[in-house]
Amino acid sequence: MATRLTTDPAGRAPTSPPPGAPPPLARRLRDLALAFGKVGVFGFGGGPAFIPLIEREVLQRGWLTREGFLDAFAFGNALPGPITTKLAGFVGYRVAGWPGAAVALLALTLPTILAMVALAALFARAHDLPLLERFLAGLRPVVIALLVLVVLGFAPAALRGADRYERAWRWALALGAFALAALADVHPALLIVAGGFVGLVVARRT
Amino acid sequence: MIDLWELFVSFGRAGLFGFGGGPSMIPLIQVEVVDLRGWLTREAFLDAFAFGNALPGPIATKLAGYVGYQVAGVPGAAVGLLAITAPTILAMLALAGLYARYRERTALQRFLAGVRPVVVALLALVVWDFAPTALAVAPTAWGNAPLLAIAVAAVVVSLRRDPHPALLIVAGGLLGLLVAP
């Protein structure tokens, strides 16, 4: 990279980095703070709301592909602990190393921890606040709608295959996993690992 | 100092033994905070949980930060947050490192080809699990009609204009103030 910078025909220092080079660290950290700050501040209602928010931020900024997101989500589900913070740490580290992981984690968690500490004394019984209940009741249908779109958006990346056989087993696996989780309450981590082994056995070697 | 160590152990345990994300860890956190350490009474914990649920952001880290602060001020909040997140983030990075190293192996490719349909199924499962809470709040279909209308409107607007999800979430909340059952 350095050699390319010094071959400027006029011998001047280049004013902008060459196309394709990652933005400077400070910019990347700022982008991470903005992205995961938004996820934390607008992620109402626990787990579900984070998924469309993270999908938007991470895919639109080009930090992960759809396949990469699915894989990261699988890792996050297969490991213990909170999932959103794992995704934040993972994406942050990919984008800007250890400082990136720290910034993404803090941006995601700090604003609402501060809000909780500051406001808990005032609204010790928030579940008695009818206005807040109505606000949450109104945004939950939006979260469901966004989630449906997320599922539809990711389905092609997960279910497409080179031919009919490759598509058929992916569909069967998805439907089977859904049935086992929804009806028999099989744990997600188990299903993810089992799905991987099914893939090892049935996917054609290419 | 002993408080900080106990916070670290308690929230570290909740983080390492809670599979299935933040919400699945609430009972573990409750055992640590209420039963084992007596940092909060059961009522105070349930109030904190209800309040935390009303705020945005991940619930497990909110509780860790809040309880940590109650026990030992700002250092307590920092230790609680770190203990519940850092170990599993490190595990995630380790796994991602292996993934990056062996990505080209066809065996891993086939393994992931089987993982991805399961992940889509799990995302669909979130819809399935969450739909009753989101769309069936009132006892009658008529009472729930406004919620369904909000959901349909969100899909239409999303497909046509593709606004940021945060915008739609806030708009839904404001509509809820007017029409929620």
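Computed from a prediction, not measured in an experiment: that's the story for all the values here.

### As for the overall build of chain B
Within chain B, the regular secondary structure consists of seven helices and zero strands. If you list the helices and strands of chain B from N to C, you get α-α-α-α-α-α-α. The C-alpha radius of gyration computed for chain B amounts to 21 Å, which surpasses the reference 16 Å derived for 181 residues by more than 25%, pointing to a less compact arrangement than a globule. Structurally, chain B occupies a C-alpha span of about 55 × 55 × 25 Å along its principal axes. Counting over 181 residues, chain B shows a buried share of 44%.

### A word on the overall build of chain A
When you go through chain A residue by residue, the secondary structure sums to eight helices and zero strands. Out of the 206 residues in chain A, the part that is buried amounts to 45%. In chain A, the share of contacts with a sequence separation of at least 24, taken over all contacts with a separation of at least 6, comes to 54%.

### Considerations on the interface of chain B and chain A
Facing 87 residues of chain B, the contacting portion of chain A comprises 94 residues. The residue inventory of the side of chain B that touches chain A, partitioned by class, reads 63 nonpolar, 20 polar and four charged.

### Structural notes on the environment of B:L135
As for its position among the elements, B:L135 is in helix α5 (residues 106-135). Residues B:L135 and B:A151, spaced 16 residues apart in sequence, show a C-alpha to C-alpha distance of 8.3 Å. The residues contacting B:L135, other than those within four sequence positions of it, are A:P141, A:I144, B:N144, B:L147, B:L148 and B:A151.

### With respect to the domain arrangement of chain B
How large an interface is tends to be reported as the accessible area lost when its parts come together. Entries for chain B in the domain assignment read domain 1 (2-102) and domain 2 (109-179). Distance between the C-alpha centres of domain 1 of chain B and domain 2 of chain B: 27 Å.

### Thoughts on the packing of helix α5 (residues 83-120) of chain A against helix α4 (residues 59-102) of chain B
Relative orientation of the contacting elements α5(A) and α4(B) amounts to 160 degrees, with a least axis distance of 10 Å. When the axis of α5(A) is compared with that of α4(B), the two are roughly antiparallel. As α5(A) runs across α4(B), the sense of the crossing is right-handed. Among the residues forming the contact of α5(A) with α4(B), the class breakdown is 16 nonpolar, eight polar and two charged.

### Some remarks on helix α3 (residues 42-54) of chain B
Its 13 residues give α3(B) an end-to-end C-alpha distance of 19 Å, which sits within 8% of 18 Å, the value for a rise of 1.5 Å per residue. The set of residues buried in α3(B) consists of B:F45, B:A48, B:F51 and B:G52. Burial along α3(B) is one-sided: seen end-on, the buried residues are contained in an arc of 130 degrees. Those residues of α3(B) that are exposed and aimed more than 90 degrees away from the buried face are B:R42 and B:E43. Residues of α3(B) that are buried in the fold lie against α5 of chain A together with α2 (22-36) and α4 of chain B.

### Observations concerning the nonpolar core
Counting 82 residues, the largest nonpolar core has A:A104, A:V142, B:V118 and B:V119 as the members making the most contacts within it. Per element, the largest residue contribution to this core is 15 residues, and it comes from α5(A). When residues of this core are sorted by domain, at least three fall in each of domain 1 (2-102) and domain 2 (109-179) of chain B. Other than its neighbours up to four places away in sequence, B:V119 contacts A:L70, A:F73, A:A74 and A:A158.

### Details of unusual backbone geometry
The backbone of A:D185 shows a phi angle near 60 degrees, a positive value even though the residue is not glycine. With respect to the secondary-structure elements, A:D185 resides in the loop between α7 (164-184) and α8 (188-202). One non-glycine residue, B:D162, lies in positive phi territory at about 55 degrees. By C-beta crowding, B:D162 is classed as exposed, having 11 other C-beta atoms within 10 Å.

### Details of the environment of A:P80
Along the chain, A:P80 falls in the loop between α4 (66-78) and α5. Overall, A:P80 belongs to the buried group, with 21 C-beta atoms counted inside 10 Å. With 109 residues separating them in the primary sequence, A:P80 and A:A189 have C-alpha atoms 8.9 Å apart. Sequence-distant contacts of A:P80, defined by excluding residues within four places in its chain, comprise B:G15, B:L16, B:F17, B:G18, B:F19 and B:T88.

### A few points about the confidence of the model for chain B
Residues and elements named next belong to chain B. For chain B, per-residue confidence averages 90 on the pLDDT scale, and 100% of positions sit at 70 or higher. When pLDDT is averaged over each helix and strand of chain B, the minimum, 84, is found for α3 and the maximum, 94, for α4. Across the assembled chains, the prediction reports ipTM 0.88 with pTM 0.85.

### Notes on the environment of A:G37
All names here are of chain A. By the element assignment, G37 lies in helix α2 (residues 25-42). Between the C-alpha atoms of G37 and L105, which are 68 residues apart in sequence, the distance is 9.1 Å. Contact partners of G37, with chain neighbours within four places excluded, come to A107 and P111.

Calculation criteria
- Residues numbered from 1 in each chain as written.
- Chains lettered and ligands numbered in written order.
- Predicted model: local features only at pLDDT ≥ 70, side-chain atom pairs only at ≥ 80, totals over all residues.
- Helix = DSSP H or I, 4+ residues; strand = E, 2+ residues; numbered from the N terminus.
- Rg over C-alpha atoms; globule rule 2.2 N^0.38 Å.
- Buried ≥ 20, exposed ≤ 12 C-beta atoms within 10 Å, placed from the backbone.
- Contact = placed C-beta atoms within 7 Å.
- Nonpolar A, V, L, I, M, F, W, Y, C, P; charged D, E, K, R; others polar.
- Domains from an automatic or database assignment.
- Axes fitted to C-alpha atoms, helices over the stretch in contact; angles between N-to-C directions.
- Parallel < 35°, antiparallel > 145°, perpendicular 65-115°, else oblique.
- Left-handed = near helix turned anticlockwise from the far one by under 90°.
- Expected span 1.5 Å × (residues − 1).
- Arc of directions from axis to C-beta.
- Core = buried A, V, L, I, M, F, W, Y, C linked by C-beta atoms within 7 Å.
- pLDDT = per-residue confidence, 0-100.

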